[in-house]
Amino acid sequence: MAFNKIWYTIVLGLLLPFSCAHTDFFTSIGHMTDLINTEKDLVVSLKDYIKAEESKLEQIKKWAEKLDQLTDTATKDPEGFLGHPVNAFKLMKRLNTEWGELESLVLKDMSDGFISNMTIQRQFFPNDEDQTGAAKALLRLQDTYNLDTDTLSRGNLPGVKHKSFLTAEDCFELGKIAYTEADYYHTELWMEQALKQLDEGEVSSADKVYILDYLSYAVYQQGDLGKAMMLTKRLLELDPEHQRANGNMKYFEYIMAKEKEANKSSTDSEDQMERETEVKKKDYLPERRKYEMLCRGEGLKMTPRRQKRLFCRYYDGNRNPRYILGPVKQEDEWDKPRIVRFLDIISDEEIETVKELAKPRLRRATISNPITGALETAHYRISKSAWLSGYESPVVSRINTRIQDLTGLDVSTAEELQVANYGVGGQYEPHFDFGRKDEPDAFKELGTGNRIATWLFYMSDVSAGGATVFPEVGASVWPRKGTAVFWYNLFPSGEGDYSTRHAACPVLVGNKWVSNKWLHERGQEFRRPCTLSELE
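In every chain, residue numbers begin from 1 and rise along the written sequence. Per-residue local features are limited, in this predicted model, to residues with pLDDT of at least 70; the limit for side-chain atom pairs, both in listing and counting, is 80 or more; totals at the level of whole chains, interfaces and linings are taken over all residues. Only hydrogens and water are removed before side-chain values are computed, so all heavy atoms of the structure are retained for them.

1. Description of the overall build of the chain
For clarity, the cut-off: Every helix listed is a DSSP run of H or I at least four residues long, and every strand listed is a run of E at least two residues long, numbered separately from the N terminus. Here the term buried applies to any residue with accessible area under 20% of the maximum for its type, exposed to any over 50%, and partly exposed to those in between, with areas from a 1.4 Å probe on protein chains only.
Along the chain, the regular secondary structure elements total 17 helices and 17 strands. Counting the 536 residues in the chain, one finds 43% classified as buried.

Right, dumping it as structure tokens:
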């Protein structure tokens with residue numbers, strides 16, 4: 001008994017850390033792939049349970065059929081039937097023994113295996129936060145890529161391999177999640193989509209009364225009183241005794257009458273109508289609008305004169321011995337700030353090795369609090385990341401050397417290679433890589449100065465979305481597997497280049513893997529000397 005307790009403690013101790021490591025599934029598609037295998041295992045277990053139940057019912061059915069025929073014969077002539085001693089013996093045996101065995105068979109629980117497997121797997125299931133996070137991702141994709149609810153509901157997205165659609169019940173759930181966030185704009189959109197699909201005849205467990213209840217309130221909260229009354233009337237046609245709807249209708253009628261009595265001026269009325277019909281979306285900053293436009297590929301276009309300054313070339317790392325005979329392909333992505341892309345710079349085999357090393361360590365990506373310096377999660381960074389050191393693998397060491405050779409910068413003071421995998425609608429909103437003047441302690445603990453430059457590997461193609469964009473200048477850099485982009489965050493003077501503010505657009509379709517190296521100032525004194533001008 002003591003041994004069993006010890007063994008149980010050991011197994012539990014092994015399972016718990018593993019289960020704790022797999023939180024925030026929605027922030028990494030790479031980790032979500034594990035859930036596919038979990039669900040497949042549960043389906044196999046469920047099918048085994050169904051087979052066991054079918055086998056059990058088949059045995060009971062055969063028993064019933066046999067006894068049905070026997071009792072039909074016996075009840076026609078009970079005395080004559082029991083006059084045969086064998087029949088009398090078998091009746092005693094059946095009622096004393098066999099019916100008891102049948103009772104045990106009926107009571108036998110065939111679900112033990114399935115329930116046991118379900119209990120084990122449940123600790124690796126996503127939770128409410130994951131479901132809410134995935135729902136918010138859909139809403140974010142809808143806004144960023146200007147997708148209407150019908151397009152998203154029917155799964156008509158660019159580059160999809162496995163088309164899927166949202167049921168009326170799914171749309172209702174999305175609307176409810178938006179409602180709990182007081183996001184009445186999206187509540188209205190998704191409740192209307194759920195209602196539309198039900199009106200078109202979709203069979204669903206979603207209830208029109210509940211949908212209309214949420215919808216009318218969301219519309220009212222956005223100032224459209226007339227539409228709110230119309231929806232409430234429709235609700236009352238379905239359920240005349242609905243207490244809240246009856247109360248709301250009286251309140252709406254009171255407000256409507258009060259507005260008429262106010263006898264507002266025509267100018268005020270026009271303003272009111274504009275407010276009521278206006279789309280009640282959040283007021284985004286100009287940067288936000290530029291960011292979303294760039295994500296959609298609607299960014300600023302370079303003038304022909306500027307485009308002529310962009311070239312592609314074979315680059316030998318300023319005559320680095322490793323690349324004199326085998327230079328790499330390099331192309332200019334943007335002029336100011338200068339962003340260059342290296343092509344075929346990391347092999348598929350290296351990518352797979354990096355991913356294999358990183359995947360067990362992926363954790364929710366964090367940002368540095370500008371005030372406290374502490375690392376914390378943020379809603380505007382939806383991904384998981386892991387850090388890899390050069391000493392862990394020859395592949396990582398080789399990648400670090402390659403970055404040093406091609407940039408001419410010392411990587412000994414750089415941060416470890418960060419590997420990131422983006423989740424559902426994964427993104428990283430506009431940010432700077434370098435520490436600003438109002439963040440003097442941003443990298444103090446490293447003791448290597450500010451982040452002088454960024455090197456970013458694209459380790460996967462992305463079917464739609466996922467661009468790296470620079471809202472300040474209107475540049476969009478699209479993921480291409482096996483390539484890397486490089487830019488300086490600081491001028492040679494050490495001042496920050498604010499035009500390098502950038503963002504990772506939400507992944508619309510596909511799986512985005514990247515890895516990056518942040519190079520720091522220390523060690524670059526003679527590799528990139530300071531200039532006298534602040535902005536040079």
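Still more ground to cover, so stick around.
2. Overview of the packing of helix α2 (residues 29-76) against helix α5 (residues 112-122)
Basically, it comes down to this: Fitting a line to C-alpha atoms yields each axis, with helices limited to the stretch in contact; the angle taken between N-to-C directions then spans 0 to 180 degrees. An angle below 35 degrees is read as roughly parallel, one above 145 as roughly antiparallel, one from 65 to 115 as roughly perpendicular, and any other as oblique. In this scheme the handedness of a crossing depends on how the near helix is turned from the far one: anticlockwise by less than a right angle means left-handed, clockwise means right-handed. We call two residues contacting when some pair of their heavy atoms lies within 4.5 Å.
One way to put it is that α2 packs onto α5 with a least axis distance of 9 Å and a crossing angle of 165°. Judged on the interaxial angle alone, α5 and α2 are roughly antiparallel. Where α2 crosses over α5, the two elements pack in a sense that is left-handed. Of α5, the residues touching α2 (which contributes Thr-38, Asp-41, Leu-42, Ser-45, Leu-46 and Tyr-49) are Gly-113, Phe-114, Asn-117, Met-118 and Gln-121.

3. As for the nonpolar core
Selection criterion: Here, nonpolar core refers to any group of buried Ala, Val, Leu, Ile, Met, Phe, Trp, Tyr and Cys residues whose side-chain atoms link them within 4.5 Å.
Counting 45 residues, the largest nonpolar core has Tyr-145, Trp-190, Ile-211, Val-469, Cys-505 and Leu-508 as the members making the most contacts within it. Ignoring any residue separated from it by four or fewer positions in sequence, one finds Val-469 in contact with Tyr-291, Leu-294, Cys-295, Ala-475, Ser-476, Arg-501, His-502, Ala-503 and Cys-505.

4. Brief notes about the pattern of salt bridges
Definition in use: Here, a salt bridge means any Lys or Arg side-chain nitrogen found within 4 Å of an Asp or Glu carboxyl oxygen.
Across all of its chains, the model carries 33 salt bridges by this definition. Its salt-bridge partner being Glu-173, residue Lys-176 comes within 3.3 Å of it at the nearest N-O pair. Placement of the pair is Lys-176 and Glu-173 together in helix α8 (residues 168-180), with a separation of 3 residues, close to one helical turn. Within this structure, Asp-150, Arg-154, Lys-196 and Glu-200 form a network of salt bridges that share partners.

5. Focus on the pairing of strand β8 (residues 417-422)
Remark: a regular strand shows side chains that alternate across the two faces of the sheet. Where we set the bar: Any two strands with at least two DSSP bridges between them are considered paired.
Burial runs high along β8: 6 of the 6 residues are buried. Here β8 shows two buried faces, one formed by Leu-417, Val-419 and Asn-421 and the other by Gln-418, Ala-420 and Tyr-422. Here strand β7 (residues 383-388) pairs with β8 via 6 bridges, running antiparallel. Among the inter-strand pairings, Ala-386 is bridged to a residue of β8, identified as Val-419. Strand direction decides the pairing type here: β8 and strand β17 (residues 513-520), joined by 4 bridges, are antiparallel.

6. Side note on the packing of aromatic side chains
Two measures describe an aromatic ring pair: the distance that separates the ring centres and the angle between the ring planes. Rule in force here: Stacked, tilted and edge-to-face pairs are distinguished by plane angle, under 30 degrees for stacked and over 60 for edge-to-face with tilted covering the rest, among Phe, Tyr and Trp rings (Trp via its six-membered ring) whose centres lie within 6.5 Å. When the NZ atom of lysine or the CZ atom of arginine is within 6 Å of a ring's centre and also within 35 degrees of its normal, the charge is said to sit over that ring.
Throughout the structure, instances matching the rule amount to 21 aromatic pairs. With a centroid separation of 6.3 Å and an interplanar angle of 55°, the aromatic rings of Tyr-251 and Phe-252 are classed as tilted. You can call Tyr-251 partly exposed: its relative accessible area is 39%. In this structure Phe-252 comes out as buried when scored by relative accessible area, which is 2%. An angle of 75° between the planes, with centres 5.1 Å apart, marks the rings of Phe-486 and Tyr-488 as edge-to-face. The buried category is assigned to Phe-486, whose relative accessible area is 8%. According to the relative accessible area criterion, Tyr-488 is partly exposed, its value standing at 25%. An aromatic cluster of at least three residues, connected via ring pairs, comprises Phe-172, Tyr-179, Tyr-184, Tyr-214, Tyr-217, Tyr-220, Tyr-251 and Phe-252. Its end group placed over the ring of Trp-518, Arg-451 keeps NZ or CZ at 3.5 Å from the ring centre.

7. Quick look at the layout of surface pockets
Regions of empty space are outlined by a rolling probe, equal in size to a water molecule, passed over the atoms. The following threshold applies: Throughout, the protein atoms alone are placed on a 1 Å grid, and a set of points is a cavity if a 1.4 Å probe fits but cannot get out or a pocket if it is open with protein on both sides within 12 Å along at least five of seven lines; lining residues have an atom within 4 Å of a point. Grid points are joined across faces, edges and corners, and a volume is the space filled by probe spheres set on the points. Classification used: nonpolar for Ala, Val, Leu, Ile, Met, Phe, Trp, Tyr, Cys and Pro, charged for Asp, Glu, Lys and Arg, polar for all others including Gly.
Of the volumes computed, that of the largest pocket is approximately 1,900 Å³. Forming the boundary of the largest pocket are 43 residues, of which Ile-29, Met-32, Leu-138, Ser-164 and Val-424 lie nearest the centre. Elements with a minimum of two residues in the lining of the largest pocket: α2, α6 (128-144), α8 and β16 (507-509). For the lining of the largest pocket, the residue count by class is 25 nonpolar, 12 polar and 6 charged.

8. What to know about the state of the cysteines
The condition is simple: We call a pair of cysteine sulfur atoms a disulfide whenever their separation is within 2.5 Å.
Taken as a whole and judged by the stated rule, the model has 1 disulfide. The partner cysteine of Cys-295 in its disulfide is Cys-505, sulfur to sulfur 2.0 Å. Given an S-S torsion of about -85°, the disulfide between Cys-295 and Cys-505 has left-handed geometry. Of the two residues, Cys-295 sits in helix α14 (residues 286-295) while Cys-505 sits in the loop between β15 (502-504) and β16, which places them 210 residues apart along the sequence.

9. Some remarks on the sheet that holds strand β9 (residues 428-431)
Strand pairs in the sheet, formed through backbone hydrogen bonds, run parallel or antiparallel to each other. Pairing is antiparallel across the open sheet formed by 4 strands, whose spatial order is β9-β15-β12-β13. For this open sheet the edge positions go to β9 and β13 (475-477), each flanked by a neighbour on one side alone. Here the strands of the sheet are splayed against their neighbours by 15° on average, with no regard to which way each runs. Both β9 and β15 contribute to a ladder of 2 bridges, which runs antiparallel. What sits directly across from His-431, in β15, is His-502.

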